[in-house]
Amino acid sequence: DKKISIFKNGYEIVLLIGFIVGILFCIFIPYGAGFDEETRILRIYDLSGLNFIPNQGPDNQTVGFGEFFTLSYQRRYFQTPASDLFEPDVFNLRANFESMAITKTRSIYSPMNFLPQAFMAGVIWRFLDIPIIPGVIILRLSGFIVYSLIIYFSVKIIPIGKWVLSILAFLPTPLFQATTLNADVYTNSISFLFIAVALFFIINDEVKISNRKNILFYGTI
């Protein structure tokens, strides 16, 4: 009986391992190694100032910290080892409010995609003045925690395929996306949740489905 019980709930081990590895990703993936991460963080910082429509600053651009760009790994002329980001003089570098960057951000997604990170950005930079790199790690962790909670809830309610959903959610590529700053954190997690909810309504015995039209209806709520 114990073996059956352990096997039945083994997907939770996958979720736990994925969560631990994700935290390490949030910390050790070089800032700027994510897809267009510096333009995403510019949008997040702008949102923290309650600017819900992008590029509404001077000349229809966005105001942010120049360090968002100068510290970005992808903007280096030579791809040197990123371990220098953890050197004290770089890791503890604070934003220079007297030398702000004004540029247009390509990140024009709905504010809903970045609300947790925007809230944290307001706290750590507009109130606490935390150094840039630790702030980036905090923003990544806030998005990844939301992702993990949605995945956990999805796995709990999906009636079949718990192992499959757990593994797919924490494969290297979705995990990389979930632990860097981008809108895919919520696109991916909500997609998994949609699948879980759809299968729940379709397979659950308490839901009476009479025809295909009802199946489509329940699958879209």
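Not measured: the values here are computed from a predicted model.

Caption draft 1: Region of interest: empty space enclosed by the protein. Taken as a whole and judged by the stated rule, the model has one cavity of 30 Å³ or more. Of the volumes computed, that of the largest cavity is approximately 50 Å³. Taken together, Ile27, Ile29, Pro30, Tyr31, Leu85, Phe86, Ile133, Val136, Ile137 and Arg140 form the lining of the largest cavity. Considering every element that reaches the lining of the largest cavity, the biggest residue donor is helix H7 (residues 132-157), with four residues.

Caption draft 2: Broad picture of the packing of aromatic side chains. Applying the stated criterion to the full structure yields 14 aromatic pairs. Summarising the aromatic geometry, the rings of Tyr45 and Phe65 are spaced 4.6 Å apart at their centres and angled 45° between planes, so their arrangement reads as tilted. On the criterion of sequence distance, the pair formed by Tyr45 in helix H3 (residues 37-48) and Phe65 in strand E1 (residues 62-65) is long-range, its members being 20 residues apart. For Tyr45, a relative accessible area of 5% corresponds to the buried category. Relative to Phe91, the ring of Phe86 has its centre 5.8 Å away and its plane inclined at 20°; by these criteria the two rings are stacked. Taken together, the ring pairs in this structure connect Tyr45, Phe65, Phe68, Phe97 and Trp125 into an aromatic cluster. Here the guanidinium or amino end of Arg126 rests over the ring plane of Tyr45, the centre of that ring lying 4.2 Å away.

Conventions we followed
Residues numbered from 1 in each chain as written. Predicted model: local features only at pLDDT ≥ 70, side-chain atom pairs only at ≥ 80, totals over all residues. Heavy atoms only, no water. 1 Å grid on protein atoms, 1.4 Å probe; cavity = no way out; pocket = protein on both sides within 12 Å on 5 of 7 lines; lining within 4 Å. Points joined across faces, edges and corners; volume = space filled by probe spheres on them. Helix = DSSP H or I, 4+ residues; strand = E, 2+ residues; numbered from the N terminus. Phe/Tyr/Trp six-rings, centres within 6.5 Å; stacked < 30°, edge-to-face > 60°. Buried < 20%, exposed > 50% of the residue type's maximum accessible area, 1.4 Å probe, protein only. Lys NZ or Arg CZ within 6 Å of the ring centre and 35° of its normal.

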